[in-house]
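Working through the structure, step by step
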Amino acid sequence: MASRSLREGVAPAYLLLCLLLGGSAQGIWVNAILQLLAVGIIAWAALAPDQGNTSIWGRRLMVVCAIGLLVILIQLIPMPPAIWGTLPGRQIVTDGYAILGLPLPWMAVTLAPDQTLSTVLRLLPPAAILAAMVGLKAYRPAWMAWALIAGTCAGVFLGALQVTGGGNLTSPWYPYPISNFGSAVGFFANSNHMAMLLVVTIPFLFALVATTRREREKKSIQKRSALFALAGALLLVVLLGLALNRSLAGFGLGLPALAASVILLLRPERQGRWLLAPVLVGLIAVGTIFMLPVTASVQSLGAGASFETRRAVGATSLRAAGDFLPLGSGLGSFPLVYPLYEDPDRVDRTFVNHAHNDYLEMAIEAGLPGMLWVLLFLVWWFATARVRWRDIIDDPFARAGTIASAAILAHSLVDFPLRTSAMAAVLAASVALMAQSFRPNREKTESDIRPARHLEIR
């Protein structure tokens, strides 16, 4: 029993570590620790005997991940000059070699091989979460929820110290030298990423309550009452964190996430009927955020703010994506590619290091293969979410996973939360919960509890 409990604590413990250490790519050494641990978990999953009981949705998710790995490998394949030099977007490189009078060597598809390899390393933590949950079954849904809640509450506590401690460049409470000083960023560098962690915690709080509500035994009344009170207090902590964070993305996506989470408290057969309302609110929120400036996050750094909207950055990025089709410029190459399309007269100390749209950035960096992979994942996600919300079997944690992952995927339309190991791990845990295999726990009724009566004939 003890060994089983230790095994089931692997994924929750690793998720908590990701939340505490993986908040920014600036943390080189702490991210290296997470990546080394991830290699160990993945190797364990590869060598361990098959645990069985993997759902069809889990197997399909692993196939989608394998195809994603293939897309990455394509970018690292060296090509002869006769082929590489003719790929769209490579003219600037071939011209450089021609000016220097050097022959064009064999080169990989990606324009930035070192950044592509760095991106692969940053994918190790979410891959380890999937390996631990889908392959090893080294988790319990409730423990995953509590790990997420613990990391969030720790971030809120640190955020309170950041705000009350002056919130300036000299504050000792900010873990990274480049950050949204003045905001409660917790263990992140970007306030929007901390806000998203707060948002995705909400459905798991309600899932814990929904699970406990199904315990009908009288002996569990005190336990359920205590959990209800604790969940209410933790929800207030999360809402306080959103207030301290002051992220418009957090406010905009927090409302539909809260509304969808409340639905988890309804009877299973009624939940799907009310889901359309929070979905519509979420779409309106994303559309509103899309029109906001992208550089509010750098104003605290003292840089000259260029009030370029996400729409303007998106238009420029779309041009770059079209020029680099069909294979893209290479994962991690966006900061090198985007300046080629900027107006030189408008360049200042503020620079765009991400497209503020993960899907568009994927189109630039991974081209047509990357876009097809994203489409394949979204098809899997919608099919799995549909099953989870239409099936009256009802698993609160699986449905909470759909809400949390939907919030992250929606936020990716207007930002780049998945560029951090922490939020990538949260998304991996959420989709793994969606894909879990479980048995229905039928509620006990009075007829189940009442002893049977027998008629004895002598």
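The structure displayed is predicted, hence computed values, not measured ones.

This part covers the overall build of the chain. The secondary structure content of the chain amounts to 20 helices and two strands. Burial status across the chain gives 46% buried among its 458 residues. Here the chain displays about 22,600 Å² of accessible surface, and carbon together with sulfur accounts for 68% of that area.

Quick look at the pattern of salt bridges now. With the rule as written, the count across this model stands at four salt bridges. The residue Arg419 makes a salt bridge to Asp358 at a minimum N-O spacing of 3.1 Å. You can see Arg419 sitting in the loop between helix H18 (396-411) and helix H19 (421-434) and its partner Asp358 sitting in helix H17 (residues 358-390), a full 61 residues away along the chain. Judged by its relative accessible area of 21%, Arg419 falls in the partly exposed class. Taking relative accessible area as the criterion, Asp358 reaches 9% and is therefore assigned buried. The residue Glu365 makes a salt bridge to Arg419 at a minimum N-O spacing of 3.7 Å. Of the two residues, Glu365 is situated in helix H17 and Arg419 in the loop between H18 and H19; the sequence distance between them amounts to 54 residues. When salt bridges with common partners are traced through the structure, they connect Asp358, Glu361, Glu365 and Arg419 into a single cluster.

All right, on to helix H11 (residues 221-245) then. Taking 1.5 Å as the rise per residue, H11 with 25 residues should run 36 Å; its terminal C-alpha atoms sit 36 Å apart, in good agreement. Arg246 sits one or two residues past H11 and shows a positive phi near 60°.

Here the focus is the confidence of the model for the chain. When pLDDT drops low, the exact placement of atoms in the prediction is not to be read closely. Looking at the chain, pLDDT values average 83 and 81% of them are 70 or higher. Between residues 295-307, whose pLDDT stays under 50, and residues either more than four places distant or in other chains, the model counts 23 contacts.

As a further point, take the packing of helix H2 (residues 10-21) against helix H3 (residues 28-47). Packing of H2 against H3 brings their axes to within 10 Å, and their N-to-C directions diverge by 160°. When the axes of H2 and H3 are compared, the pair comes out roughly antiparallel. Considering the relative orientation of H2 and H3, their crossing is left-handed. Listed contacts from H3 to Val10, Tyr14, Leu17, Cys18 and Leu21 of H2 are Val30, Asn31, Leu34, Leu37, Ala38, Ile41 and Trp44. Class assignment of the residues belonging to the contact of H2 with H3 gives a composition of eleven nonpolar, one polar and no charged.

Here we come to the packing of aromatic side chains. In the structure shown here, the tally under the stated rule is five aromatic pairs. Considering the side-chain rings of Phe334 and Tyr338, the 5.3 Å spacing of their centres and the 35° angle between planes classify their relative orientation as tilted. Accessibility assignment for this pair places Phe334 and Tyr338 in one class, buried. Ring geometry for Trp381 versus Phe382: centroids 5.0 Å apart, planes at 90°, classification edge-to-face. Of the residues examined, Trp381 reaches a relative accessible area of 9% and is grouped as buried. Its relative accessible area of 55% is what places Phe382 among the exposed residues.

About the thresholds
- Residues numbered from 1 in each chain as written.
- Predicted model: local features only at pLDDT ≥ 70, side-chain atom pairs only at ≥ 80, totals over all residues.
- Heavy atoms only, no water.
- Helix = DSSP H or I, 4+ residues; strand = E, 2+ residues; numbered from the N terminus.
- Buried < 20%, exposed > 50% of the residue type's maximum accessible area, 1.4 Å probe, protein only.
- Areas by Shrake-Rupley, 256 points an atom, 1.4 Å probe, with all protein chains shown as cover.
- Salt bridge = Lys/Arg side-chain N within 4 Å of Asp/Glu carboxyl O.
- Expected span 1.5 Å × (residues − 1).
- pLDDT = per-residue confidence, 0-100.
- Contact = heavy atoms within 4.5 Å.
- Axes fitted to C-alpha atoms, helices over the stretch in contact; angles between N-to-C directions.
- Parallel < 35°, antiparallel > 145°, perpendicular 65-115°, else oblique.
- Left-handed = near helix turned anticlockwise from the far one by under 90°.
- Nonpolar A, V, L, I, M, F, W, Y, C, P; charged D, E, K, R; others polar.
- Phe/Tyr/Trp six-rings, centres within 6.5 Å; stacked < 30°, edge-to-face > 60°.

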